[in-house]
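Secondary and tertiary structure notes
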Amino acid sequence: MILQLKQLFDIVGEVKDFSFEISPEEINEAQFSADFVTPLSVSGRAENRAGVVAVRLSCVFTLSHVCDRCLKEFEREYSFEFSHILVQSSNTRNDEYVVCSGNTLDINELAISDLLLQLPTKILCREDCKGLCYVCGHDLNEGECNCS
Ligand SMILES: [Zn+2]
Ligand SMILES: [Zn+2]
């Protein structure tokens, strides 16, 4: 979704709410090394407060992962919130600012780059996953094997 920001930059107090879904087909799932079980649901608000334009977004979705340790497939639900200051142009290098040239903001792109930074690179089905036996491949979460 592309958000038009001209009014937001021009009018103090202006508010724009948004709520939409990004379908799994629109997402490059390889970037996430996981499959989307649900669409990525994005909602939030852009607001001009005393001349400063900020956007807040919340992302809710479910991913299907393969555990890095025991290779079991499992699903996990995520919910993240992000906020950014929006500027029309920027001379300063500040990662917290999102530069919206042309007074538009691609929220899909913003949400996905935020999520990629936020999601852990190592995914375990549970924190204390015991993994597989190196010798016989038995899933040690289901009990000991006869190897040791
Ligand atoms: Zn596991
Ligand atoms: Zn074993």
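Structural data are supplied above this passage.
Just so you know, these numbers come straight off a predicted model, no measurement behind them. Along each chain, residues carry numbers from 1 onward, in the same order as the chain's sequence is written. Note on labels: chains are lettered from A, ligands numbered from 1, in written order. Side-chain atom pairs in this predicted model are given and counted only at pLDDT of 80 or more, local residue features only at pLDDT of at least 70, and totals for whole chains, interfaces and linings cover all residues. To get the side-chain values, take all heavy atoms of the structure and skip hydrogens and water.

1. Observations concerning the coordination of the zinc ion (ligand 2)
The zinc ion (ligand 2) binds to the protein through Cys133 (SG), Cys136 (SG), Cys145 (SG) and Cys147 (SG), with metal-donor distances spanning 2.3 to 2.4 Å. The site at the zinc ion (ligand 2) holds four donor atoms, and with the angles between them running 105 to 114°, its shape is tetrahedral. Spacing between the donor residues of the zinc ion (ligand 2) along the chain follows C-x2-C-x8-C-x1-C. With Cys136 in the segment after α2 (107–118) and Cys147 in the segment after α2, this residue pair connects regions lying 11 residues apart in the sequence. A residue is classified by how much of its surface remains accessible, and Cys136, at 45% relative accessible area, is partly exposed. By relative accessible area, which is 37% here, Cys147 ends up partly exposed. The rule for donors is simple: N, O or S, within 2.8 Å of the metal, or within 3.2 Å if the metal is Na, K or Ca. Water isn't counted, so a site may look like it is missing partners. Irregular is the label for any site that misses the other tests, which are tetrahedral for four donors with all angles between 85 and 135 degrees, and square planar for four donors or octahedral for six when opposite donors exceed 155 degrees and the remaining angles lie between 65 and 115. The helix and strand labels rest on DSSP assignments: H or I over at least four residues marks a helix, E over at least two residues marks a strand, and numbering proceeds from the N terminus. Note on exposure labels: buried denotes an accessible area under 20% of the residue type's maximum, exposed denotes more than 50%, and partly exposed covers the range between, all computed with a 1.4 Å probe on protein chains only.

2. Looking at the layout of surface pockets
Approximately 240 Å³ is the volume attributed to the largest pocket. Taken together, Gln31, Phe32, Ser33, Leu63, His65, Val66, Asp68, Leu116, Leu119, Pro120, Thr121 and Ile123 make up the lining of the largest pocket. Any residue that is not Ala, Val, Leu, Ile, Met, Phe, Trp, Tyr, Cys, Pro, Asp, Glu, Lys or Arg is counted as polar, Gly included; the first ten are nonpolar and the last four charged. Within the lining of the largest pocket, the residues separate by chemical class into seven nonpolar, four polar and one charged. A cavity here means a set of 1 Å grid points, computed over protein atoms only, where a 1.4 Å probe fits but cannot escape. A pocket is an open set with protein on both sides within 12 Å along at least 5 of 7 lines, and lining residues have an atom within 4 Å of a point. Grid points are joined across faces, edges and corners, and a volume is the space filled by probe spheres set on the points. Approximately 170 Å³ is the volume attributed to the second largest pocket. Around the second largest pocket, the lining residues are Arg45, Glu47, Arg49, Val52, Ala54, Val55, Arg56, Ser83, His84 and Ile85. Within the residue set of the lining of the second largest pocket, elements represented by two or more residues are β4 (40–49), β5 (52–66) and β6 (73–87). Broken down by element, the residue count for the lining of the second largest pocket peaks at four residues, all from β5. Looking at the lining of the second largest pocket residue by residue, the classes come out as four nonpolar, two polar and four charged.

3. Digging into the coordination of the zinc ion (ligand 1)
Donor atoms from the polypeptide that bind the zinc ion (ligand 1) are Cys67 (SG), Cys70 (SG), Cys125 (SG) and Cys129 (SG), placed at 2.3 to 2.4 Å. As a motif over one chain, the donors of the zinc ion (ligand 1) read C-x2-C-x54-C-x3-C. One end of the pair, Cys70, is in the loop between β5 and β6; the other, Cys125, is in the segment after α2, with 55 residues separating them in the sequence. Assessed through its relative accessible area of 6%, Cys70 is described here as buried.

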